[in-house]
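Commentary on secondary and tertiary structure
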There are 2 protein chains.
Amino acid sequence: MFEKRVTKTNLSELGEFGLIDHLTNDIKIVNESSEIAVGDDCAVIDSKGRKVLVTTDLLIENVHFDLSYTPLKHLGYKAIAINLSDVASMMGKPEQVTVSIAMSSKFTVEAIEEIYKGMKLCCNRYGVDIVGGDTTTSTSGLMISVTAMGYAENNDYVLRSGAGRGDLVCLTGNVGASYMGLLLLQREKEAWKANPNMQPDLEGNDYILERHLKPEPRLDIVALLKENGIKPTSMIDVSDGVASEILHIATRSGLGCALYEEKIPVDPATAIMCENFGMNPITAAMNGGEDYELLFTIKQEDYPKIEALKQVAVIGHMTEKEAGVNIISHDNISVPVEAQGWDHLKKKD
Amino acid sequence: MFEKRVTKTNLSELGEFGLIDHLTNDIKIVNESSEIAVGDDCAVIDSKGRKVLVTTDLLIENVHFDLSYTPLKHLGYKAIAINLSDVASMMGKPEQVTVSIAMSSKFTVEAIEEIYKGMKLCCNRYGVDIVGGDTTTSTSGLMISVTAMGYAENNDYVLRSGAGRGDLVCLTGNVGASYMGLLLLQREKEAWKANPNMQPDLEGNDYILERHLKPEPRLDIVALLKENGIKPTSMIDVSDGVASEILHIATRSGLGCALYEEKIPVDPATAIMCENFGMNPITAAMNGGEDYELLFTIKQEDYPKIEALKQVAVIGHMTEKEAGVNIISHDNISVPVEAQGWDHLKKKD
């Protein structure tokens, strides 16, 4: 009782993925219904052939969001959207969420209503039911925990681990926009803190701001792929950046990968803001994160079907493991891909 | 942007149950699979006739637990146990949990390992798989969010709303012990703060301390009731105190209730600690909370079957709504039952 705990290993030494591996590598699954456990975007639970996909995310004030520039309604929307994105990345159909909110006494009922409004808006848009949750006080700040449940029939779901050698790597939409939106918000906040009479200069940047503040899960792509008879061999959503995600797919599938810088889709608005910040757009695209686009692999024979879809770009192909995961630059130089994404447990400088 | 939010209604005015009602009363369910949504211990999702029971709980440092007297392993155990208790209170079999932890940089890997050890211990004991989760940093303190999934065949699950007039009210084990354990821990903490050289006086109080620090979900009772062919008409677990829980059952079932003070089971160790604190044991029993016993109703015809079970006490019966919810004291005075449980959103004095 009342003892001092011996402190040894700092959390930042392992990072989020290292820590999860460390904590869960000795877990033995005992229930037949637990088909896929820790290690993918969702867990998969078998219920009489219907596969229940379960995913959960915890959002913490001043770690994952900053209320000085995040409208509460957008925050609620995003809290749901990022969980639905995890279901989308398994090719599932989300149907239920549970929602837990902890908030300090500085928050009013009206503030929580705003969060719920955003949550309901996102749920309505994607046909998802809020079926439960928990509300409680916190000693400081706001925390939101959402668990989403989605469904797939039989073996229609897609894991990170199924990519084959020679498979084509595909990416939806464009990447890097969310990160540039975040950088812009952070810059204007700093300027505003220095001079509170100044008006934030956000004009004309709606696209990148919306990509950051109100991302959409790409459930339209899930439907589109199904309509076109394309079953990806592996899939993940871009929450931590393309670099981090392609490493997950490559590692889980036991392969290497070659991506082509020129093929990575970047929106002009993102490129302009990169220019503004003196940043190479490929950095935002590869390491920015929070785009919630889908990164997936398909068999080469599906290329004609994919080529017809304007929402999807083919950005590379899977190689043998020994070649590593590389990005081929505009001037044809091969650079190893390293994860520098949103690993909240690793210290940033 | 950067605007000040208009503050109006203080959270404490509504309380947790009021707030949840307020936020969720306009939710319309769109998926056929969402069988029961907000308002019971678990949501119920239909998956080809198999009912998926989903429940979630958020535990916040210094709101739900105090690390100065809560061993981390016990905390992990309890975080799982209280969710399994929600599944038990629907007569379900828990099979999966997802686990999210946010912690500040003061926590080490070894500290998180201790929490996980406790979680795994509870999961192993009850045959439950950890299938997913999330770990992240927090700006201050420790937060744990657990979502549990359980199962029931067809309509074998039990809601709060099914009690009938004349049904017998049953309670497992005994109540009030957890609360007295908490009061003892708080008292010794205060004494220790006043004089850090003092040894905490916890000797001989193992039972009430364990009831508070390491509660068990009554999955044994679920099995026992099934073995004996007893299907409760309504059920809830005692997390906020018997008073709060019986009010939930009565309200949801549209009935009143008469409980008998002399029938409420209190352990001698609890009674002694009440004496020590100059408190009436019935107060701890009715309003203490965190006992995680099961409170349920059965049809009168099942009385002979229940009478044979030493783990269960019959403590009252359901009446017409107009009679209200009352407790009949030792000296035969009827007192209205009021919820004074663990409503974390209402200010305590």
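None of the values given here were measured: they were computed from a predicted structure.

**Quick look at the overall build of chain A**
The number of helices and strands found in chain A is ten helices and 13 strands. Against the globule reference of 20 Å for 349 residues, chain A gives a C-alpha radius of gyration of 21 Å, in line with a compact fold. If you line up chain A on its principal axes, its C-alpha atoms span 55 × 50 × 45 Å. By the burial criterion, 54% of the 349 residues in chain A qualify as buried. A separation of at least 24 residues holds for 83% of the contacts in chain A among residues at least 6 apart in sequence.

**Some points on the pairing of strand β3 (residues 50-60) of chain B**
All names here are of chain B. Among the eleven residues in β3, ten count as buried, and that is most of the element. Two successive antiparallel strands, strand β2 (residues 43-47) and β3, enclose a turn made up of two residues, where lysine 48 displays a positive phi of approximately 55°. In the sheet, β3 pairs with strand β6 (residues 142-153) via eleven bridges, with the strands oriented antiparallel. Looking at the pairing, valine 52 lines up with tyrosine 151 of β6.

**Observations regarding unusual backbone geometry**
Residues and elements named next belong to chain A. Here asparagine 62, not a glycine, exhibits a phi torsion of approximately 70°, which is positive. Tracing the backbone through its elements, the reader meets asparagine 62 in the loop between β3 (50-60) and α2 (72-88). Phi angles above zero are rare outside glycine, and glutamate 290 is one such case at about 60°. Within the secondary structure layout, glutamate 290 lies in the loop between α9 (281-287) and β10 (294-298). By the C-beta count within 10 Å, which is 22 here, glutamate 290 ends up buried.

**Observations regarding the relation of the copies chain A and chain B**
With an axial shift of 0.0 Å and an RMSD of 0.0 Å, the rotation relating chain A to chain B amounts to 180°. Such a combination of turn and shift is consistent with a two-fold rotation axis.

**Comments concerning the confidence of the model for chain A**
Residues and elements named next belong to chain A. Here chain A averages 89 in pLDDT, while 92% of its residues score no lower than 70. Per-residue pLDDT stays below 50 along residues 1-7; that stretch engages in nine contacts with residues further than four places along the chain or on separate chains. For this predicted complex, the interface score ipTM comes out at 0.87, while the overall pTM is 0.90.

**With respect to the packing of helix α2 (residues 72-88) of chain B against helix α3 (residues 109-125) of chain B**
Residue and element names in this part refer to chain B. At their nearest, the axes of α2 and α3 sit 6 Å apart, and the two run at 45° to each other. On the basis of their axis angle, the class for α2 and α3 is oblique. The chirality of how α2 crosses α3 is right-handed. Contacts from Leu72, Lys73, His74, Leu75, Gly76, Tyr77, Ala79, Ile80 and Ala81 in α2 reach Ala111, Glu114, Ile115, Tyr116, Lys117, Gly118, Met119, Leu121, Cys122 and Cys123 in α3. Classifying every residue of the contact of α2 with α3 by side-chain character gives 13 nonpolar, three polar and three charged.

**Structural notes on the environment of serine 89 of chain A**
Residue and element names in this part refer to chain A. With respect to the helices and strands, the residue serine 89 is situated in the loop between α2 and β4 (93-103). A count of 34 C-beta atoms within 10 Å places serine 89 in the buried class. Sequence separation of serine 89 and glutamate 293 is 204 residues, and the distance between their C-alpha atoms is 8.9 Å. Excluding residues that lie within four positions of it along the chain, serine 89 makes contacts with Asp41, Met235, Ile236, Asp237 and Leu294.

**So, the sheet that holds β2 of chain B**
Residues and elements named next belong to chain B. Reading across the sheet, the six strands line up as β1-β2-β3-β6-β4-β5 and stay open at both edges, with mixed pairing between neighbours. At either margin of the open sheet sits one strand with a lone partner, and together these are β1 (34-36) and β5 (129-137). Across the sheet, the mean angle from the axis of one strand to that of its neighbour is 25°, orientation sign disregarded. Pairing of β1 with β2, which is carried by two bridges, proceeds in the antiparallel orientation.

**What to know about the interface of chain A and chain B**
In this complex, chain A contributes 77 residues to the contact, which on the side of chain B involves 77 residues. Listing elements by their share of the side of chain A that touches chain B, those giving two or more residues are α1 (15-24), β2 (43-47), β3, β4, α3 (109-126), β5 (129-137) and β6 (142-153) of chain A. Ranked by residues supplied to the side of chain A that touches chain B, first place goes to β5 of chain A with nine residues.

Rules behind the numbers
Residues numbered from 1 in each chain as written. Chains lettered and ligands numbered in written order. Predicted model: local features only at pLDDT ≥ 70, side-chain atom pairs only at ≥ 80, totals over all residues. Helix = DSSP H or I, 4+ residues; strand = E, 2+ residues; numbered from the N terminus. Rg over C-alpha atoms; globule rule 2.2 N^0.38 Å. Buried ≥ 20, exposed ≤ 12 C-beta atoms within 10 Å, placed from the backbone. Contact = placed C-beta atoms within 7 Å. Pairing = 2+ DSSP bridges. Least-squares fit on C-alpha atoms with pLDDT ≥ 70 in both. pLDDT = per-residue confidence, 0-100. Axes fitted to C-alpha atoms, helices over the stretch in contact; angles between N-to-C directions. Parallel < 35°, antiparallel > 145°, perpendicular 65-115°, else oblique. Left-handed = near helix turned anticlockwise from the far one by under 90°. Nonpolar A, V, L, I, M, F, W, Y, C, P; charged D, E, K, R; others polar.

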